[in-house]
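# Descriptive analysis of the structure
Residues per chain are reported as follows:
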Amino acid sequence: MKNLNHTDPPGLKKWLRLFYLICALLLLADFVPVFHHANDKGPSWWGFYGIYGFTACVLLVVTAKLLRKLVMRSEDYYDEP
Amino acid sequence: MTSLSFPPFVWFYLAALVLPFVGKHARSIILIATPLLGLVLLVLQQGELSTGELTIFGQQLSLYRADKLSLLFGYVFHIAAFIFALFSLHLNEKSQHCAAMIYVGSAIGAIFSGDLISLFIFWELLALSSAYLVIARRTEAAIGSGIRYLIIQLLSGAFLLVGTLLLITNSGSNEFSAMSLFVAGEPQWSAWLILLAFGIKCGFPPFHNALTDAYPESTATGTVYISAFTTIVAVYALARAFAGAEPLIYMGAAMAIFPIFYAVIENDLRRVLSYSTINQLGFIVCGIGIGTELAINGAVAHAANNVIFKSLLMMAMGAVLFRVGTVKATDLGGLYKTMPYTTLFCVIGAAAISAFPLFSGFVSKAMILSAVLAEQQNIIWLMLLFASAGVFHHAGIKIPFFAFFSHDSGIRTQDPPRGMLIAMAIASTLCLCIGIFPHFLYELLPFSVDYTPYTSHHVLAQLQLLFFSALAFVWLKRSGIYPPEMLSTNVDVEWFYRHFTPNLWRKLNSWLSRIEDYLQVITLNKGKKFIDIMRNATTDNGWLAFKWESSSMVLLVVTLLGGMLIYNYL
């Protein structure tokens with residue numbers, strides 16, 4: 001893992017900690033029965049949306065990175081004769 | 001309402017006629033007053049109008065059909081036109097203002113067209129005026145891009161015309177209403193052609209590069225106009241004619257998915273937004289394809305919201321372009337220090353497009369997703385959910401992050417002129433108001449709504465999806481996996497007509513000229529040889545001109561005469 005912390009603006013760590021806390025709370029909230037009703041449509045098992053969102057984005061970025069190999073050209077590609 | 005009752009597009013065309021002849025102050029007043037006047041009249045008229053009918057060449061044209069569907073788009077277009085007029089007030093270029101007025105007028109005219117012929121006329125005027133707004137940037141790239149955009153738009157017009165003529169021949173009616181793609185198992189070619197025409201304007205692949213090519217090349221204000229109206233007119237047309245057409249479900253899902261990959265690796269932030277536009281259109285088209293009341297309501301509501309939040313993001317990028325001169329992610333960063341208001345508005349737009357609870361995107365996208373699920377289209381639902389996470393990733397995070405935060409690029413600038421800021425402020429307010437009080441929007445939808453977006457389950461699900469998408473971004477960025485922004489061109493379908501075909505043509509040309517050279521050399525050489533041979537044959541000792549001896553002549557004559565004598569005796 002590359003350490004990019006030297007470019008971090010001050011206070012970022014604090015914000016990130018708050019962000020991780022919110023993520024954790026959102027997952028925990030899934031245990032609270034108030035958030036689930038019998039007539040809800042769609043999957044309601046624990047953490048589905050969080051896990052799906054995380055996986056989707058990682059897949060998206062990794063695939064997009066591979067896509068670059070296929071489609072990326074120089075900036076003036078279309079200007080060349 | 002006797003003296004003022006004209007179809008709403010008339011006011012915009014009149015404004016375009018007057019604008020070239022007035023000074024700066026009068027121009028500003030006309031630009032702002034026209035959409036406001038139009039909106040007031042539209043609300044007062046409430047569908048009652050006597051001057052909307054025309055007969056041309058024996059065809060009945062209906063220029064003002066007002067029902068819930070067209071009125072909603074009518075209201076939204078007027079509000080958007082008002083916001084965009086504010087956004088472009090600083091611009092001191094009459095031709096762009098005129099083109100914009102004609103463009104907005106044509107979009108509104110198309111929305112209220114009750115027949116396919118007037119729709120076609122407005123369709124073509126939209127194409128011409130929007131292409132002008134691209135070319136108006138006057139760079140070589142913009143002119144080329146504008147012409148390519150125009151060709152694709154006119155292609156759509158050509159299909160619409162042929163489809164319309166076929167339909168009139170077959171059914172005798174030019175009415176613009178619901179059409180079936182199949183009747184008793186037989187494909188209706190007129191309907192398919194018209195669907196293709198709408199699809200091309202709506203950015204269906206493989207025609208989507210019209211959007212991604214032209215939007216990033218137009219002017220700071222021009223892009224805001226052309227990205228808001230053209231595709232939404234096409235969406236309206238699809239909702240009017242092809243609600244419930246099954247192919248649209250799959251087309252919509254494809255459109256929601258594939259652009260997000262391009263958006264992640266694209267460097268030009270206005271092109272990122274162009275891909276994002278296609279992605280949003282995908283949700284809408286999918287909803288239209290599902291075709292239930294909830295789905296159509298969701299699609300129409302999302303289209304209306306999309307006009308506002310997408311243009312808010314385009315305006316924010318336009319403001320950056322206006323101040324900094326570029327919107328390339330590689331060149332930007334840290335602008336929040338000097339453009340705080342623009343940053344705030346951009347973040348609101350990003351939250352709205354990502355469908356954060358309390359923002360406008362949430363209350364409309366939720367309807368589409370619920371409708372898809374209600375129809376048991378589970379795979380399509382998973383695809384749209386994937387796309388929703390992707391939207392947040394590329395539009396919600398990437399756009400504000402790389403422009404305004406990220407590393408400090410060292411650029412020190414300032415917020416854009418007041419008109420631009422007020423325009424963005426109004427759009428931001430709308431995004432929030434619709435998100436917090438969705439019933440104002442729901443009341444205007446074509447079908448009566450019994451839908452509650454803010455259930456505890458739904459809010460939690462959406463927050464989980466968004467926050468964990470953001471978590472993925474944070475993790476990928478901090479671990480260095482996230483692809484760095486790079487100066488680059490990413491080739492798409494346009495490669496075929498911008499690179500492959502021109503190159504093939506050039507190659508064919510060079511082959512043809514080589515063949516020509518070869519033939520020329522051969523002909524010259526052989527011709528020369530032939531001439532030499534002929535010349536040699538006719539010179540003194542050549543085989544055609546050598547001297548005959550007189551004895552041989554006598555012998556020949558004797559033989560001939562003798563022969564004839566013998567022949568006579570036989």
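Here we summarise the structure given alongside this text. (Residues numbered from 1 in each chain as written. Chains lettered and ligands numbered in written order. Predicted model: local features only at pLDDT ≥ 70, side-chain atom pairs only at ≥ 80, totals over all residues. Heavy atoms only, no water.)

### Concerning helix α4 (residues 94-112) of chain B
With 19 residues, α4(B) extends 27 Å from end C-alpha to end C-alpha; this agrees with the ideal 27 Å at 1.5 Å per step. The buried count for α4(B) comes to 16 of 19 residues, which makes it a mostly enclosed element. (Helix = DSSP H or I, 4+ residues; strand = E, 2+ residues; numbered from the N terminus. Expected span 1.5 Å × (residues − 1). Buried < 20%, exposed > 50% of the residue type's maximum accessible area, 1.4 Å probe, protein only.)

### Section: the layout of surface pockets
Rolled over the atoms, a probe with the dimensions of a water molecule shows which regions are left empty. Of the pockets and cavities examined, the second largest pocket occupies roughly 830 Å³. Looking at the second largest pocket, it is lined by 34 residues, and the ones nearest its centre are D79(A), A141(B), E217(B), R271(B) and R498(B). Within the residue set of the lining of the second largest pocket, elements represented by two or more residues are α6 (140-171), α8 (209-214), α11 (269-290), β5 (489-490) and α19 (494-538) of chain B. Broken down by element, the lining of the second largest pocket gets its largest block of residues, 5 residues, from α6(B). Per-class residue counts for the lining of the second largest pocket are 9 nonpolar, 10 polar and 15 charged. (1 Å grid on protein atoms, 1.4 Å probe; cavity = no way out; pocket = protein on both sides within 12 Å on 5 of 7 lines; lining within 4 Å. Points joined across faces, edges and corners; volume = space filled by probe spheres on them. Nonpolar A, V, L, I, M, F, W, Y, C, P; charged D, E, K, R; others polar.)

### Section: the packing of aromatic side chains
Inspection of the entire model under this criterion finds 38 aromatic pairs over all chains. Seen from their ring centres, F9(B) and F122(B) are 4.8 Å apart, and the 65° between their planes marks the pair as edge-to-face. Of the two residues, F9(B) sits in helix α1 (residues 9-18) while F122(B) sits in helix α5 (residues 116-135), which places them 113 residues apart along the sequence. Over the ring of Y77(A) we find R73(A); its NZ or CZ atom is 5.6 Å from the centre of that ring. The ring of Y78(A) has R498(B) lying over it, and the distance from NZ or CZ to the ring centre is 4.1 Å. (Phe/Tyr/Trp six-rings, centres within 6.5 Å; stacked < 30°, edge-to-face > 60°. Lys NZ or Arg CZ within 6 Å of the ring centre and 35° of its normal.)

### Description of the side chain of D492(B)
All names here are of chain B. With respect to the helices and strands, D492 occurs in the loop between β5 and α19. No salt bridge is formed by the buried D492; the nearest opposite charge belongs to R271, separated by 8.3 Å. Here the side chain of D492 touches H208 through a polar contact of 2.9 Å, side chain to side chain. (Lys, Arg positive; Asp, Glu negative; His and termini not counted. Salt bridge = Lys/Arg side-chain N within 4 Å of Asp/Glu carboxyl O. Polar contact = N/O pair within 3.5 Å; in protein donor to acceptor, adjacent residues only side chain to side chain.)

### Brief notes about the pairing of strand β1 (residues 53-56) of chain B
Residues and elements named next belong to chain B. Relative to strand β2 (residues 59-62), β1 runs antiparallel, the two being bridged by 4 bridges. Along β2, the bridge assignment pairs I56 with Q59. Counted along the chain from β1 to the antiparallel partner β2, the turn is 2 residues long, and its residue F57 has a positive phi close to 50°. (Pairing = 2+ DSSP bridges.)

### Points about the interface of chain A and chain B
The interface of chain A with chain B comprises 50 residues on the first partner and 52 residues on the second. Of the roughly 4,900 Å² buried where chain A meets chain B, counting both sides, 72% is carbon and sulfur surface. For the pair chain A and chain B, the number of links is 1 salt bridge. The partner of K328(B) in a salt bridge is E75(A), with the nearest N and O atoms 2.8 Å apart. Our count for the contact surface shared by chain A and chain B stands at 15 residue pairs in polar contact (both at pLDDT 80 or more). Ranked by the residues each element gives to the side of chain A that touches chain B, the list is headed by helix α2 (residues 48-71) of chain A, at 17 residues. As defined by bridge partners, strand β1 (residues 72-73) of chain A adjoins β5(B) across 2 bridges and the pair is classed as antiparallel. By the bridge assignment for β5(B), R73(A) is matched with T489(B). (Contact = heavy atoms within 4.5 Å. Buried area = accessible area lost by both parts, 1.4 Å probe.)

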